[in-house]
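Architecture at a glance
Below, each chain spelled out in residue letters.
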Amino acid sequence: MNKELWVEIKEGKTSFFLKKDSETIYDASVFYNPKMSINRDLALLHLYTIGNITKKGLIIIDPFAGSGIRSFRIINELPKEYVKKIIISDISDRAIKNVKLNIEKLFNDKRIVVHREDAFNIIAKQILDKENIDVIDLDPFGTPISFIDIAVRALVKKSGYLFLTATDHQVLCGKEKSTCLREYNSNSTNNYLCHEIALRILIYNILTSSGRIGAYAEPILALQFEHFFRIHVRIEKGKKRANEQHKEIGFVYVCAYCSFFETERLKEKKNLQKCPTCNKELEKVGPLWLGPLGNKKKVGDLLNFLDEIEFEHNNKKKINLMLSTFKEEIELPPMFYNLPFLYKKYKKNGVSPNEMINRLEKRGYKTTRTIFDFQSIRTEAPYYVVHNEIKKL
Ligand SMILES: C[S@@+](CC[C@H](N)C(=O)[O-])C[C@H]1O[C@@H](n2cnc3c(N)ncnc32)[C@H](O)[C@@H]1O
Ligand SMILES: [Zn+2]
């Protein structure tokens, strides 16, 4: 390999080549972002877990492959028997040339199939060919929204898994509300709850896509890391369960002034206008998913297999902390309280989140930390109990 033309990069246990056609890799014509290694680590961890538990070889589509690193790591780092076939595709000619060069030099493996295609077409082609897909990992630029319908269709036959990334933070976090309404049919917000709300808007969209074809989407994990959102769901046929799931779609009323919030299922008619604590106008956010963001048992499985993956930098520590916190909070109600905000509001010095958790638990309310903010708490306690506990300090 000519070192002038190619740079060798290592991620996890995998080295690969990237065409050197710019000053930095961030400007290269083939996309590779080392900061997203944690996203790929999570994909590998989940694939390892599924492969280990089901003891079968998975058929996977990586339709936005970029440099190909996600698939190279899957091929190189997972036990061979866990992956039966991986379909690597990208719309960019340069990306696919890069992928092919790496396959020729480093990853020559009969399990890999490469295409240059639009993501929609490559997924549709599998449906046409009656290929039973186990996992689709949607990792586009910005929003995955226009690929969810086709992905769900390809996965429903075999109860497969949809992994997706969204990086359209501005849209989902209330900076571009009209785009959110147009693309996601939902009102977002830019207050402190915006990341949880963004994930719930994304899940709402996955389950409406599934619902239309008589399937439900079981959230396994929904996380936010810096600028990206990551969701893993299992798609399964079942009209009855899909109907049940749709009862958990609704809205959240939020007050930007005192952090009051209240959920409302579609069937309910709360029609709140003013905040009951400070009488300010409430913001109505949604529609969104109000059920659990993940599956406690399955997140526990992921934690059990943490030692099986070679993570990048501090990623193992970060994933461990995120998944452990997430596992604890999964079964508690939507939305959380930001303690520094409330301490300031009531002019209190405040106590640590752990101390506040103890106080609410002593009163019989299950309370945890939350992945969305390490100075916040999630609790079963009604808002007035939380506010009173703070006023007492
Ligand atoms: C965020 S990058 C993918 C990164 C890669 N998954 C990884 O883990 O490194 C998005 C990729 O999607 C490709 N792309 C953009 N629009 C596409 C489309 N409609 N169909 C397929 N690929 C597309 C781009 O060429 C780019 O390589
Ligand atoms: Zn208020």
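Our subject is the structure that appears above.
Here's what I pulled together on the structure shown here. (Residues numbered from 1 in each chain as written. Chains lettered and ligands numbered in written order. Predicted model: local features only at pLDDT ≥ 70, side-chain atom pairs only at ≥ 80, totals over all residues. Heavy atoms only, no water.)

Comments concerning the coordination of the zinc ion (ligand 2)
Heads up, the condition is: Note on donors: an N, O or S atom is included if it sits within 2.8 Å of the metal, or within 3.2 Å for Na, K and Ca, and water is never included, so sites can look incomplete. Only DSSP runs of H or I reaching four residues or more are called helices, and only runs of E reaching two or more are called strands; each is numbered from the N terminus. Each residue is placed in one exposure class: buried if its accessible area under a 1.4 Å probe, protein chains only, is under 20% of its type's maximum, exposed if it is over 50%, and partly exposed if it falls in between.
Ligation of the zinc ion (ligand 2) by protein atoms is provided by Cys255 (SG), Cys258 (SG), Cys275 (SG) and Cys278 (SG), these donors lying 2.2 to 2.3 Å from the ion. Sequence positions of the residues that donate to the zinc ion (ligand 2) give the spacing C-x2-C-x16-C-x2-C. With Cys255 in the loop between strand 10 (249-254) and strand 11 (261-265) and Cys275 in the loop between strand 11 and strand 12 (283-289), this pair connects stretches of sequence that are 20 residues apart. Taken individually, Cys255 and Cys275 each receive the classification buried, so the pair is uniform in this respect.

So, the sheet that holds strand 11
The cut-off we apply is this: Only strands joined by at least two bridges in the DSSP assignment are considered to pair. Note on geometry: axes are lines fitted to C-alpha atoms, helical ones only across the stretch in contact, with angles between N-to-C directions running from 0 to 180 degrees.
The strand order across the open sheet formed by three strands is 11-10-12, and the pairing between neighbours is antiparallel. The open sheet is flanked by strand 11 and strand 12, the only strands paired with a single partner. Ignoring strand direction, the axes of neighbouring strands in this sheet form an average angle of 25°. Here strand 10 runs beside strand 12; their pairing, made up of five bridges, is antiparallel. Looking at the pairing, Gly250 lines up with Leu288 of strand 12.

Quick notes on the sheet that holds strand 15 (residues 373-379)
If you trace the three strands from one edge of the open sheet to the other, you get 13-15-14, paired in antiparallel fashion. Where the open sheet ends on each side, the last strands, each with one partner, are strand 13 (337-338) and strand 14 (367-370). Pairing of strand 13 with strand 15, which is carried by two bridges, proceeds in the antiparallel orientation. Across the sheet, residue Asn338 finds its bridge partner in strand 15, namely Ser376.

Re the site of ligand 1
The condition that has to hold: Residues are labelled near a given molecule or strand when at least one of their non-hydrogen atoms is within 4 Å of it. Any pair of N or O atoms that falls within 3.5 Å is considered a polar contact. Within protein, one atom must be able to donate a hydrogen and the other to accept it, and sequence-neighbouring residues count only if both atoms are side-chain atoms. Method remark: on a 1 Å grid restricted to protein atoms, a set of points is classed as a cavity if a 1.4 Å probe fits but cannot get out and as a pocket if it is open with protein on both sides within 12 Å along at least five of seven lines; lining residues have an atom within 4 Å of a point. In this scheme, a molecule is assigned to a cavity or pocket if more than half of its atoms are within 2 Å of the grid points. Here the term charged refers only to Asp, Glu, Lys and Arg, the term nonpolar to Ala, Val, Leu, Ile, Met, Phe, Trp, Tyr, Cys and Pro, and the term polar to all other amino acids, Gly among them.
By nearness alone, 18 residues border ligand 1, and Arg40, Phe64, Asp90, Ala119 and Asp139 come closest of all. With respect to ligand 1, the side chain of Asp139 contributes an N or O atom lying 2.6 Å from a nitrogen atom. Its atoms largely coinciding with the cavity grid, ligand 1 occupies the largest pocket. Residues of the shell around ligand 1, tallied by class, amount to 10 nonpolar, two polar and six charged.

Topic: the pairing of strand 7 (residues 161-166)
For a regular strand, the rule is simple: side chains alternate between the two faces of the sheet. The criterion, for reference: A crossover gets the label right-handed when its path from the first strand over the helix to the second runs clockwise, viewed with the strands pointing away from the viewer.
Among the six residues that make up strand 7, six are buried, leaving the element largely enclosed by the rest of the structure. Side chains of strand 7 alternate between two faces, with Tyr161, Phe163 and Thr165 and Leu162, Leu164 and Ala166 buried alike. Here strand 6 (residues 135-138) runs beside strand 7; their pairing, made up of four bridges, is parallel. Following the sheet pairing, Asp137 is matched in strand 7 by Phe163. In this region the chain leaves strand 6, passes through helix 5 (residues 145-156) and returns to the parallel neighbour strand 7; the handedness of that crossover is right-handed.

Looking at unusual backbone geometry
Put simply, Gly286 and Pro287 share a cis peptide bond, and its omega is 5°. Along the chain, Pro287 falls in strand 12. A positive phi angle, close to 50°, is found at Ser159, a residue other than glycine. If you trace the backbone, Ser159 turns up in the loop between helix 5 and strand 7.

Focus: the environment of Ala151
Under the convention used in this document: In this analysis, two residues are considered to be in contact whenever any of their non-hydrogen atoms come within 4.5 Å of each other.
Tracing the sequence through the fold places Ala151 in helix 5. Note: C-alpha distance between Ala151 and Ser15 (136 residues apart in sequence) is 29 Å. Setting aside residues up to four positions removed in sequence, Ala151 forms contacts with Ile123, Ile136, Leu138 and Leu162.

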